[in-house]
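Chain residues, written in single-letter form:
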Amino acid sequence: MRKSCVKQDGYPIKKTDLVREAVAAGNMKKALSIAKDFRLGISKEQRSLMARAYECMVHPAFYTSIGIDLSQAIQEGISVVTALYQ
């Protein structure tokens, strides 16, 4: 196990803890990049909204070209990740 993945008390850091830390720090791109792949405890719709928001952040030209409102899609994903992991 990599040292950076272990808390001081010796227990591994959970991905949900990383998402909570990213949300608290305001790093929504990082939070969404991790949370978009979660399957347990979230609905398909929530997962889809988080994935779309992250993809809009990473590939804005593509999503603009297919008619997606970037600011709306990103805000919806941020709302979901914030509600779940704040």
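Here the structure is shown first, and the text comes after it.
Residues numbered from 1 in each chain as written. Predicted model: local features only at pLDDT ≥ 70, side-chain atom pairs only at ≥ 80, totals over all residues. Heavy atoms only, no water.

**Things to note about the packing of helix α2 (residues 28–35) against helix α3 (residues 44–58)**
Formally: Whenever a helix is involved, its axis is fitted only over the stretch in contact; in every case the axis is a line through C-alpha atoms, and angles between N-to-C directions fall within 0 to 180 degrees. Labels follow the DSSP assignment, with helices taken as runs of H or I lasting at least four residues and strands as runs of E lasting at least two, numbered in each case from the N terminus. What sets the label is the angle itself: under 35 degrees gives roughly parallel, over 145 gives roughly antiparallel, 65 to 115 gives roughly perpendicular, and the rest give oblique. Should the near helix be turned counterclockwise from the far one by less than a right angle, the crossing is left-handed, whereas a clockwise turn marks it as right-handed. Contacts were defined at the residue level, with two residues in contact if any of their heavy atoms lie within 4.5 Å. Ten residue types, Ala, Val, Leu, Ile, Met, Phe, Trp, Tyr, Cys and Pro, are classed as nonpolar, four, Asp, Glu, Lys and Arg, as charged, and the remainder, Gly among them, as polar.
Where α2 contacts α3, the axes come no closer than 9 Å and their chain directions differ by 130°. As summarised for this structure, α2 and α3 are arranged oblique, according to the angle between their axes. Read as a crossing pair, α2 and α3 show a hand that is left-handed. Touching Met-28, Lys-29, Leu-32, Ser-33 and Ala-35 of α2 are Met-50, Ala-53, Tyr-54, Met-57 and Val-58, all from α3. Of the residues belonging to the contact of α2 with α3, the class tally is 8 nonpolar, 1 polar and 1 charged.

**A word on the pattern of salt bridges**
Defined as follows: For salt bridges, the criterion is a side-chain nitrogen of Lys or Arg within 4 Å of an Asp or Glu carboxyl oxygen. Note on exposure labels: buried denotes an accessible area under 20% of the residue type's maximum, exposed denotes more than 50%, and partly exposed covers the range between, all computed with a 1.4 Å probe on protein chains only.
Under the criterion given, the structure shown has 2 salt bridges. Measuring nitrogen to oxygen at the nearest pair gives 4.0 Å for the salt bridge that ties Asp-17 to Arg-20. Taken together, the residues span about one helical turn, with Asp-17 and Arg-20 both in helix α1 (residues 15–25) at a distance of 3 residues. In this structure Arg-20 comes out as partly exposed when scored by relative accessible area, which is 38%. Residue Lys-36 is joined to Asp-37 by a salt bridge in which the shortest nitrogen-to-oxygen separation is 3.4 Å. Look at Asp-37 and you get partly exposed, because its relative accessible area is 45%.

**Here we look at the environment of Lys-36**
Topologically, Lys-36 is positioned in the loop between α2 and α3. In this structure the C-alpha to C-alpha distance between Lys-36 and Gly-26, which are 10 residues apart in sequence, comes to 16 Å. Other than its neighbours up to four places away in sequence, Lys-36 contacts Arg-47, Met-50, Ala-51 and Tyr-54.

**Re the nonpolar core**
Convention followed: Take the buried residues of types Ala, Val, Leu, Ile, Met, Phe, Trp, Tyr and Cys, join any two whose side-chain atoms come within 4.5 Å, and each joined set is a nonpolar core.
Counting 21 residues, the largest nonpolar core has Val-19, Val-81 and Tyr-85 as the members making the most contacts within it. Among the elements of the structure, α1, α2, α3 and α5 (70–85) are those that each provide at least two residues to this core. Here this core takes 6 residues from α5, the largest share from any one element. Not counting the four nearest positions on each side in its chain, Tyr-85 is found in contact with Thr-16, Val-19, Arg-20, Val-23, Ala-35, Phe-38 and Ile-42.

**Section: the packing of aromatic side chains**
Rule in force here: Stacked, edge-to-face and tilted are the three classes for Phe, Tyr and Trp ring pairs, Trp counted by its six-membered ring, which pair at centre distances within 6.5 Å; planes under 30 degrees apart are stacked, over 60 edge-to-face, the rest tilted.
For the structure shown, the criterion picks out 2 aromatic pairs. With centroids separated by 5.9 Å and ring planes inclined at 75°, the aromatic side chains of Phe-38 and Tyr-85 adopt a geometry described as edge-to-face. Residue Phe-38 is located in the loop between α2 and α3, and its partner Tyr-85 is located in helix α5; the two are separated by 47 residues in the primary sequence. Each member of the pair, Phe-38 together with Tyr-85, is buried.

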